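Each chain, written out:
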Amino acid sequence: MYEVENLEKIDLTLSPPAEEPARQYYYMAKCRCQVRAFEKENGRLPKACVVNYGCQMNARDSEKLAGILEQVGYRLTEDENADFVIFNTCTVRDNANQRVYGRLGVLNGFKRKNPHMKIALCGCMMQEPSVVEKIRESYRFVDLIFGTHNIFKFAELLNATLESDSMIIDIWKDTDKIVEDLPTERKYPYKSGINIMFGCNNFCSYCIVPYVRGRERSRKPEDILREIRQLTAQGVVEIMLLGQNVNSYGKNLEEPMSFAGLLREVEKIPGLRRIRFMTSHPKDLSEELIQVMKESRKICRHLHLPLQSGSTRILKAMNRRYTKEQYVELALRLRREIPDLAITTDIIVGFPGETMEDVEDTLDVIRTVKFDNAFTFIYSKRTGTPAAAMEQVPQEQVKAGFDRVLAAVQETAREQVSLLQGRVMEALVEEVNDHDSALLTGRLSNNTLVHFPGDASLIGSLVNVVLEECRGFYYFGHLA
Ligand code: 5AD
Ligand code: SF4
């Protein structure tokens, strides 16, 4: 394990080591020299801004980027008018790409006024060759582009960018590499995401993730458990195990281990109070996992189980490998076996070939399962995926279907949340309420939020709260 102090001890007259992560620490030491030179010249430390787009996995990657910037001496800021700005991009739907192009225009304005400014782009969107081409041609003020597979090389790329005036592009097609022990700058002191696997092998026909995140690779259980132990020693009480499809964790390890097996080990870690995980593919959810959840005292009563569509015909075209009936049976079994469980989901409306009849099937599943919450998305055509070549649905029909699906999930969510009225439940206190500083915001095991009067010193602790007044999707309450 590398420690912070070691940066000072690294001999930069030697050539960079070949092995990781030692190589990255060498480049962090080099970057630190650059930061010192900046400070001397400008009489202040340089500022860096990490902007995250997309999912929890990207958020965790952004913490790693921020960790490295912090290590080498940058002052982190949320202001995009900084000396180093990096966008960690998402490309799961086209609107994510459009947002990045829009923000780049704004950054260009800042850069004109600040000649020191360096602009970097990384993440899923950069794994698309057409995007890189467009940036190379039309956004020539960008200094660094790298992708998802070589993010561990960030220190090395940062150093190269600081030493060069031309655009640096480093995109890998794939990797089997997992580099451990790089620094991270966590957003919350009391909770953290943990990657347990990278990539996805499922190739749902609408989804670009397998193309931009590569094949499934699991981290070794001992590395995951060691990271969690370190986090709990630092005061983390809640963790979220992250992967595109956590239910297939461990299949490609030298010594295979099931996800349920991993959870059993995580459960034993002293000091850890809550375990969450994301995302589960219905086709891989095992009986063993249900048993482990049922018996666990730490696994939260929340399961995110993406449905995508309730129509067996559409599910087949999506390559999801389950039917409407199989999904419903699984969800109802979960409800029976774990009565307090909140089930949330993702739904796509407007997949190629979807008719109003298919939407009816989706509505039927929503009403039968009674989702506690759902993300509903309009289908977005992603170049290179099989669905992009299929016949697209007219926009007006998509809109009509989307509105109906949204109304249905809002109805079941309200109904489900209101069932907790009057109960006393444990909440992890997360922050002072955005709108009213006399209130704290806490999260229940089932992911519902509750706002209640209390002192900021409670942040990070677990408290019992009376759920007094249901306000649609959240509660007002008071300490029990
Ligand atoms: N269009 C719309 N939604 C999509 N998702 C993935 N790909 C697409 C797409 N092309 C949604 C799925 C997935 C969530 C993370 O994003 O519902 O579960
Ligand atoms: Fe995309 Fe399907 Fe993999 Fe999820 S499981 S990342 S939707 S291909």
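Going by the structure above, here's the rest.
Sequence order sets the numbering: in each chain, residues are counted from 1 along the sequence as written. Labels follow written order: the first chain is A, the first ligand is 1, and so on. At least 70 in pLDDT is required for a residue's local features to be given in this predicted model, at least 80 for side-chain atom pairs to be given and counted, and no such filter applies to totals for whole chains, interfaces and linings, which use all residues. The side-chain numbers reported here are obtained from all heavy atoms of the structure, hydrogens and water having been left aside.

A.B. asks: Quick rundown of the packing of helix α13 (residues 356-369) against helix α14 (residues 395-418)? Include the residues and the values.
C.D. replies: For helices, the fitted line uses only the C-alpha atoms of the stretch in contact; every axis is such a line through C-alpha atoms, and the angle between N-to-C directions lies from 0 to 180 degrees. Each helix corresponds to a stretch of at least 4 residues labelled H or I by DSSP, and each strand to a stretch of at least 2 residues labelled E; elements are numbered beginning at the N terminus. At their nearest, the axes of α13 and α14 sit 10 Å apart, and the two run at 10 degrees to each other. Relative to α14, α13 is oriented roughly parallel. In this structure, α13 contributes M356, V359, E360, T362, L363, I366 and R367 to the contact, and α14 contributes Q397, A400, G401, R404, V405, A408, V409 and T412. An angle counts as roughly parallel when it lies under 35 degrees, as roughly antiparallel when it exceeds 145, as roughly perpendicular when it falls between 65 and 115, and as oblique in every other case. Contacts are assigned to residue pairs with any non-hydrogen atoms lying within 4.5 Å of each other.

A.B. asks: Tell me what's going on with the site of ligand 1, and back it up with residues and numbers.
C.D. replies: It suffices for a single heavy atom of a residue to lie within 4 Å of a molecule or strand for the residue to be listed as near it. Within the structure, ligand 1 sits among V92, R93, Y206, Q308, D346, I348, F377, I378, Y379, S380 and R382. Whenever a nitrogen or oxygen atom comes within 3.5 Å of another N or O atom, the pair is scored as a polar contact, on the condition that within protein one atom can donate a hydrogen and the other can accept it, and that pairs from neighbouring residues in sequence are kept only if both atoms are in side chains. D346 is positioned such that a nitrogen or oxygen atom in its side chain is 2.7 Å from an oxygen atom of ligand 1. With respect to ligand 1, the backbone of S380 contributes an N or O atom lying 2.8 Å from a nitrogen atom. Accessibility throughout is a Shrake-Rupley quantity obtained with a 1.4 Å probe, and a residue counts as covered only by protein chains that appear here. Burial of ligand 1 by the protein chains amounts to 85% of its free accessible area of 400 Å².

A.B. asks: Please provide a residue-by-residue account of the sheet that holds strand β1 (residues 47-52), values included.
C.D. replies: The six strands lie next to each other as β2-β1-β3-β4-β5-β6, forming an open sheet whose pairing is parallel. The sheet is open, and its two borders are formed by β2 (75-76) and β6 (168-170), each paired with just one other strand. Pairs of strands are assigned from DSSP output, requiring at least two bridges between the strands. Bridge analysis of β1 against β2 gives two bridges, and the strand direction is parallel. Residue pairing in the sheet places A48 in a bridge with L76 of β2. Against the sheet, helix α4 (residues 94-113) engages β3 (84-89) and β4 (118-123), with an angle of about 175 degrees to β3.

A.B. asks: Pulling in residues and values, what's your account of the side chain of S248?
C.D. replies: Counting through the fold element by element, S248 comes out in the loop between β10 (238-242) and α9 (259-267). For S248, the contacting residues outside a window of four places in its chain are M197, E216 and D284.

A.B. asks: Can you lay out the nonpolar core for me, pointing to particular residues and giving the numbers?
C.D. replies: In this description, a nonpolar core means a group of buried Ala, Val, Leu, Ile, Met, Phe, Trp, Tyr and Cys residues linked to one another through side-chain atoms lying within 4.5 Å. Accessibility here uses a 1.4 Å probe with only protein chains present; expressed as a share of the type maximum, an area under 20% marks a residue as buried, one over 50% as exposed, and anything in between as partly exposed. Within the largest apolar cluster, 65 residues are counted, with the highest numbers of intra-cluster contacts made by L241, F259, F277 and L334. Sequence-distant contacts of L241, defined by excluding residues within four places in its chain, comprise I194, I196, I228, V246, F259, L263, I275, R276, F277 and M278.

A.B. asks: Go over the side chain of N433 with me, naming the residues and quoting the values.
C.D. replies: Along the polypeptide, N433 turns up in the loop between β15 (424-432) and β16 (439-444). Given the relative accessible area of 9%, N433 is considered buried. There is a polar contact of 2.9 Å between the side chain of N433 and the side chain of H451. With residues near it in sequence (within four places) discarded, N433 still touches L439, L440, T441 and H451.

A.B. asks: With reference to specific residues and values, describe the site of ligand 2.
C.D. replies: In the vicinity of ligand 2, the contacting residues are C200, N202, F203, C204, Y206, C207, V209, P210, Q244, H281 and R320. Asp, Glu, Lys and Arg are counted as charged, while Ala, Val, Leu, Ile, Met, Phe, Trp, Tyr, Cys and Pro are counted as nonpolar; the rest, among them Gly, fall into the polar class. Looking at the shell around ligand 2 residue by residue, the class counts come to seven nonpolar, three polar and one charged.

A.B. asks: I'd like a description of the sheet that holds strand β12 (residues 302-304), backed by residues and values.
C.D. replies: With parallel pairing, the three strands of this open sheet are ordered in space as β12-β13-β14. Since the sheet does not close on itself, it has two edges, and those belong to β12 and β14 (373-378), each with one partner. Looking at each pair of strands side by side, their axes are set apart by 15 degrees on average, direction ignored.

A.B. asks: Please set out helix α8 (residues 221-233) residue by residue, giving values where relevant.
C.D. replies: In this analysis, the expected span of each helix is defined as 1.5 Å times one less than the number of residues it contains. In this model α8 runs 18 Å from its N-terminal to its C-terminal C-alpha over 13 residues, within 8% of the 18 Å that 1.5 Å per residue would give. Those residues of α8 lying buried are P221, D223, I224, L225, E227, I228, L231 and T232. Looking at the residues trailing α8, positive phi occurs at G235, about 105 degrees.

A.B. asks: Explain the packing of aromatic side chains to me, and be specific about the residues and the numbers.
C.D. replies: Stacked, edge-to-face and tilted are the three classes for Phe, Tyr and Trp ring pairs, Trp counted by its six-membered ring, which pair at centre distances within 6.5 Å; planes under 30 degrees apart are stacked, over 60 edge-to-face, the rest tilted. Taken as a whole and judged by the stated rule, the model has 17 aromatic pairs. Relative to Y211, the ring of F203 has its centre 5.3 Å away and its plane inclined at 80 degrees; by these criteria the two rings are edge-to-face. Here F203 falls in the partly exposed class, since its relative accessible area comes to 30%. Members of the aromatic cluster, each reached through a chain of ring pairs, are Y74, F84, F146 and F154. Sitting over the ring of Y101, K134 keeps its end group 4.0 Å from the ring centre. Two thresholds decide whether a charge sits over a ring: the Lys NZ or Arg CZ must be within 6 Å of the ring centre and within 35 degrees of the ring normal.

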